[in-house]
Amino acid sequence: MAETLLAIVLVTSSANGSSLICRWPPSPQASPRLARPRPSASYDPDQHDNPWRSAHFHDPPPADAPAPARPRDEWEYIWQRPRPARDRSRSHSFSHSTPSGRASPSKDGSGAAYADRDAAPADAPLHDEYGALFGYAAEFLAGLLCPKRALCHQRFALAVDDLFFVGHPVCAAADGAWRFAQEPRDVRGRGRGSRKRRASGEDLAASAELEPPSASTSASASAAPDAGSPAPAAQWLQTFHVAFVHEVPDPSSSASGNIGKYFDVVYQQVAFTLTAVLFQEQVLSNFVEKECDVLSALKDEYASKYRPYEDYMNQALLVSSIAPAMKTLYESIKSRSLAHLTIHNLPLELQLPPYLDTLLHSTDDDEFAEHDEAEMRDGGNNTWGREFSVAWRLPGLEPWKSLLLLSGPDGAGREWMDDKLLAEQLIRFLETADVTLSLVDMASLLDWDLETQVYPIVRWLVHHRRAKVVDIVHRGLKTVFSLPFKIETPIKQLAQAFRHAFPDPSIPSLPQLLATVSGASSNHFYATVVRSKERVPAFHEVVLWLLQRDLLVTLHLRVRIVVPAVLKAQVRRQWGEQRRVSWRARQERDEDDDEDGAVFRGRARADSGGSERDFGTPFFETPAWYARRGSGSQHSRASISDIIEPPILEEGIELDEEIEEKEKEAAAAAAAAEAGHKGEEGLEEGEDVETSILADPGRATFVQRRWLQAMSEGKDEYVARRFDQINQYFDGKCTDDEILFRAEISRRQLREVLHVYDEYLQTFLHPS
């Protein structure tokens, strides 16, 4: 974890200058770097970048080659870093440290013990352990790491050669008092400087957003006091800075875009949070200054006695709380574990993402990017939150997932929160959580809301490594497991811990158990290992132990739909017959429409004055309807010319509504025919020639839907409806647990569908 971290240093500044108070480890060492050999002065330096000359560098020069007339002083441009352990004859006079504005606590004048080089003892190089770090003078580095007031209270990043310093320096106010910054109200800055301040200057009083829940006490306390509330006056401390010293990764082995993200995570997750707590305690009780007084006096005492720096740090671990916190944090970062710190009786938990180092290796960039893309696709980052967005590689926080509790410190779950109600809810959740229950089942048992109550607790537990999100384990251990690709811890060490945890001789050893699981990964754990219902409780604890140490990987059933070529040919023939029948019906309908139109046009001609030749009867002959009228009618003697127009014959006349309805039916039939024609065009292009797999049944095309319908021919109606309901999840991506949750069906119903449609389905096991 954080393989580039070299040391953690605490520097302060006062009116007398800057000082490096302490560091951990006591003697940090940078890793050796690959470098080109320095060319010999006998060659022309202008030609040393030539590839051939570089490849034949050790070959002797030609005998007739004239020696270049270049002075040897040209090679003095090569800079050499001063060695940490200098010879006594080259030592010079300087003071031990300037931690405060007051005099040194040493009464015998040992602070100037090295002013006289003749009076220095034989082990004078030990002095460089106090006065130098990474080849630089400690006072020089302290001055670099304690910037001016305008650069404090914001992110600090400084690169010096192959060293990179990350931190968050803080300082007192202009009057020398330590107080919390007061948030501006309704003030919108103008200009370029204001925008820069808002973007880079994070106020420590608003650190609750970046602090973990365990440090919520410090965040709430920092916001509680008023900006003008009295606080213990600082005597000399003006600035302090907890800086994290990193080694700049080799550009040839890392991606430049990820290096910035790497240091951003270090700053946000560790440097800023630790500084927030120290700043709060300094404002409230002048804590940092008191600690620096103790450490400075101890440092001067050990330096005056020529004691090694390591002895000074070992004693500092006993008299200070900042020094043990720096040591614990450094060792936890290096060991990829959670750091449990105590600063001024205030518990604090800090950590870095477990896969942070993968950002630095170009060989893992593709894998990292692929995993990030999968998280974004599955909604992992949206459900987990911003603090889990980089280098965590967590499975999606989904309702069908489960929670595996991990072993933590004593009393965990009862001392995490000061709020009694929250603590009771947390304890109740921990008592209900079980790896055989899904998160939605836990929410149902607790009568809690999944999004607002269960998920926040799960995030908190995972962030503090009290639990991990896993797949559900069957109560009868009928779950298929496999082994991970890589086991970090040596098998020998794990086997000893396993035998210590399970001394029962009926339980096989860890190597034998792993070999059994690896050799029969297609069968579930019960059939492979347990083989007896009486042994299920004992092996249930074994499975939990293996899952906690990432020694087992759960395999899930995934389903894909396979469309045989025979089925495609059958659908094509059926569709062709339907099209021919539809075409014949449409042709007959068109002929009937033509006949009806001819009759209608003939009658229209009769009404408009057609000839007798056209209708076969004299047009002005007295119509029958008029001749049948009674003699008593007043129009009995009237002639045909007196009649303005005859009544409209309703037979054979179509209303406008009927015409519009037929037009709509014709348009719909034309659209269906066009869609079918497009589908048939797809078939004619060779899509139905060979057997294929449906990539996304949820977005099936017209032809693919015809294939799915053909699969249900001759099947039970109930099972066919169930297949139509869940075939959208048969894309090879959804696991069986996800299908059961989304479709709201039982495992037996899913098994029935898989059995009936076995000839069209491809099932396989794959990890989440």
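Think of each chain on its own: its residues are numbered from 1, step by step along the sequence as written. Two thresholds apply to this predicted model, a pLDDT of at least 70 for residue-level local features and 80 or more for giving and counting side-chain atom pairs, whereas whole-chain, interface and lining totals are computed over all residues. Excluded from the side-chain calculation are hydrogens and water; included are all heavy atoms of the structure.

Caption draft 1: How the structure looks around the overall build of the chain. When its secondary structure is counted, the chain shows 26 helices and 16 strands. Burial classification: accessible surface area is computed with a 1.4 Å probe over protein chains only, and a residue below 20% of its type maximum counts as buried, one above 50% as exposed, and the rest as partly exposed. Looking at the 768 residues of the chain, the share that counts as buried comes to 40%. The long-range fraction of contacts in the chain, counting pairs at least 24 apart against all pairs at least 6 apart in sequence, stands at 73%. Reported accessibility uses the Shrake-Rupley method at a 1.4 Å probe radius. Residues are deemed covered only where the shown protein chains occlude them. If you sum the accessible surface of the chain, you get close to 44,200 Å²; carbon and sulfur atoms cover 51% of it. Secondary structure follows DSSP: runs of H or I at least 4 residues long count as helices, runs of E at least 2 residues long count as strands, and numbering of each begins at the N terminus. Pairs of residues are marked as contacts when any of their non-hydrogen atoms sit within 4.5 Å.

Caption draft 2: Spotlight on unusual backbone geometry. Cis rather than trans, the peptide bond between Trp24 and Pro25 has omega equal to 5°. With respect to the secondary-structure elements, Pro25 resides in the loop between strand E2 (17-24) and helix H1 (51-55). One non-glycine residue, Tyr306, lies in positive phi territory at about 55°. Here Tyr306 is to be found in the loop between helix H7 (287-304) and helix H8 (309-319).

Caption draft 3: Expanded view of the packing of aromatic side chains. Centre distance within 6.5 Å is the pairing criterion for rings of Phe, Tyr and Trp, where only the six-membered ring of Trp is used; planes under 30 degrees apart are then read as stacked, over 60 as edge-to-face, and the remainder as tilted. Across all of its chains, the model carries 22 aromatic pairs by this definition. Relative to Tyr312, the ring of Tyr130 lies with its centre 6.4 Å away and its plane at 45°, an arrangement referred to as tilted. Placement of Tyr130 in helix H2 (residues 127-131) and of Tyr312 in helix H8 is noted, with a sequence separation of 182 residues between them. For the pair shown, Tyr130 and Tyr312 are each scored as buried. Ring centres of Phe429 and Trp448 lie 6.2 Å apart, and the angle between their planes is 10°; this geometry places the pair in the stacked category. With Phe429 in helix H12 (residues 420-432) and Trp448 in the loop between helix H13 (439-446) and helix H14 (450-463), this pair connects stretches of sequence that are 19 residues apart. When its relative accessible area of 0% is taken as the criterion, Phe429 is described as buried. Given the relative accessible area of 12%, Trp448 is considered buried. The structure contains a cluster of three or more aromatic residues connected by ring pairs, namely Trp178, Phe180, Phe240 and Phe279. In this scheme, Lys NZ or Arg CZ marks a charge over a ring once it lies within 6 Å of the ring centre and within 35 degrees of the ring normal. Between Arg155 and the ring centre of Tyr267, over which it is positioned, the NZ or CZ distance is 5.7 Å.

Caption draft 4: Geometry of helix H18 (residues 536-548). By this rule the span expected of a helix is its residue count minus one, scaled by 1.5 Å. If you check H18, its first and last C-alpha atoms are 18 Å apart, about what 13 residues at 1.5 Å a residue would give, namely 18 Å. Those residues of H18 not exposed but buried are Val536, Phe539, His540, Val542, Val543, Leu544, Trp545, Leu546 and Leu547. Lining the buried residues of H18 we find strand E11 (402-405), strand E12 (467-470), strand E13 (481-482), helix H15 (491-501), helix H16 (510-519) and helix H17 (525-530). Note on H18: the residue one or two positions beyond its end, Asp550, has a positive phi of about 60°.

Caption draft 5: Representation of the pattern of salt bridges. Only one rule defines a salt bridge in this text: a Lys or Arg side-chain nitrogen within 4 Å of an Asp or Glu carboxyl oxygen. Scanning all chains against the criterion turns up 13 salt bridges. The partner of Glu717 in a salt bridge is Arg721, with the nearest N and O atoms 3.3 Å apart. Of this pair, Glu717 and Arg721 both sit in helix H24 (residues 717-726), four residues apart, which is roughly one turn of that helix. Judged by its relative accessible area of 58%, Glu717 is exposed. One salt-bridge network, held together by shared partners, links Asp736, Asp737 and Arg747.

Caption draft 6: Region of interest: the packing of H13 against H14. Here an axis means a line fitted to C-alpha atoms, over the contact stretch when the element is a helix, while the angle between two N-to-C directions is reported on a 0 to 180 degree scale. Two numbers describe how H13 lies on H14: the axes approach to 10 Å, and their chain directions differ by 115°. The handedness of the crossing between H13 and H14 comes out as right-handed. Every residue of H14 that contacts H13 at Leu439, Val440 and Ala443 is listed here: Leu450, Val454, Tyr455 and Val458. For this classification, Asp, Glu, Lys and Arg are treated as charged, while Ala, Val, Leu, Ile, Met, Phe, Trp, Tyr, Cys and Pro are nonpolar and the rest, including Gly, are polar. For the contact of H13 with H14, the residue count by class is seven nonpolar, no polar and no charged. For any pair of crossing helices, the crossing counts as left-handed if the nearer helix is rotated counterclockwise from the farther one by less than a right angle, and right-handed if it is rotated clockwise.

Caption draft 7: Representation of a nonpolar patch on the surface. A cluster of nonpolar side chains, namely Val294, Leu318 and Val319, defines an oily patch on the protein surface of about 280 Å² accessible area. Secondary-structure assignment places Leu318 in helix H8. Nonpolar side chains (Val, Leu, Ile, Met, Phe, Trp, Tyr) are joined into patches within 5 Å and like charges within 9 Å, using only residues with over 30% relative accessible area and no salt bridge.

Caption draft 8: A look at the nonpolar core. The set of buried Ala, Val, Leu, Ile, Met, Phe, Trp, Tyr and Cys residues whose side-chain atoms join them within 4.5 Å is what this entry labels a nonpolar core. Core analysis: the largest hydrophobic core is formed by 83 residues, its most contacted members being Cys22, Phe244, Leu274, Leu278, Tyr312 and Leu329. Here this core gets 14 residues from one element, more than from any other, and that element is helix H6 (residues 256-285). Excluding its chain neighbours within four sequence positions, the residues that come into contact with Tyr312 are Ile21, Cys22, Tyr130, Leu295, Leu298, Lys299 and Tyr302. Residues Val559, Ala700, Trp707 and Val719 belong to the second largest nonpolar core, which totals 29 residues.

Caption draft 9: Here's a closer look at the confidence of the model for the chain. The pLDDT averaged across the chain works out to 75; a share of 62% of its residues lies at or above 70. Confidence per residue, as judged by the predictor, is encoded in pLDDT with a range of 0 to 100. Of the regions scoring below 50 in pLDDT, residues 408-415 engages in eight contacts with residues more than four places distant in sequence or in other chains.

Caption draft 10: View of H13. When we look at burial in H13, the residues that qualify are Leu439, Met442, Ala443 and Leu446. Taken down its axis, H13 places every buried residue within 100° of arc, on the same side. Exposed and oriented more than 90 degrees from the buried face of H13 are Ser444 and Leu445. Each element contacted by the buried residues of H13 is listed here: E11, H12 and H14. In the segment just after H13, Asp447 is the residue with positive phi, at about 60°. Within this analysis, the arc is defined by the directions that extend from the helix axis to the C-beta atoms.

Caption draft 11: Representation of the side chain of His556 within the structure. Mapping His556 onto the fold places it in strand E14 (residues 553-563). We classify His556 as buried; its relative accessible area is 3%. His556 has contacts with Asp471, Thr735, Asp736, Asp737, Phe764, Leu765, His766 and Ser768, leaving out every residue within four places of it along the chain.

Caption draft 12: How the structure looks around the environment of Leu397. With respect to the helices, strands and loops of the structure, Leu397 is situated in the loop between helix H11 (380-384) and E11. The spacing of Leu397 and Val458 is 61 residues in sequence and 8.8 Å in space, taken between C-alpha atoms. Setting aside its immediate chain neighbours within four residues, Leu397 contacts Thr383, Trp384, Leu439, Tyr455, Val458, Arg459 and Val469.

Caption draft 13: Examining a positive patch on the surface more closely. Only four residue types enter the charge count: Lys and Arg as positive, Asp and Glu as negative, with His and the chain ends excluded. Lys charges are placed at NZ, Arg charges at CZ, Asp charges at CG and Glu charges at CD. Taken together, the side chains of Lys478, Lys533, Arg748 and Arg751 make up a positively charged region of the molecular surface. Looking at the element boundaries, Lys478 is found in the loop between E12 and E13.

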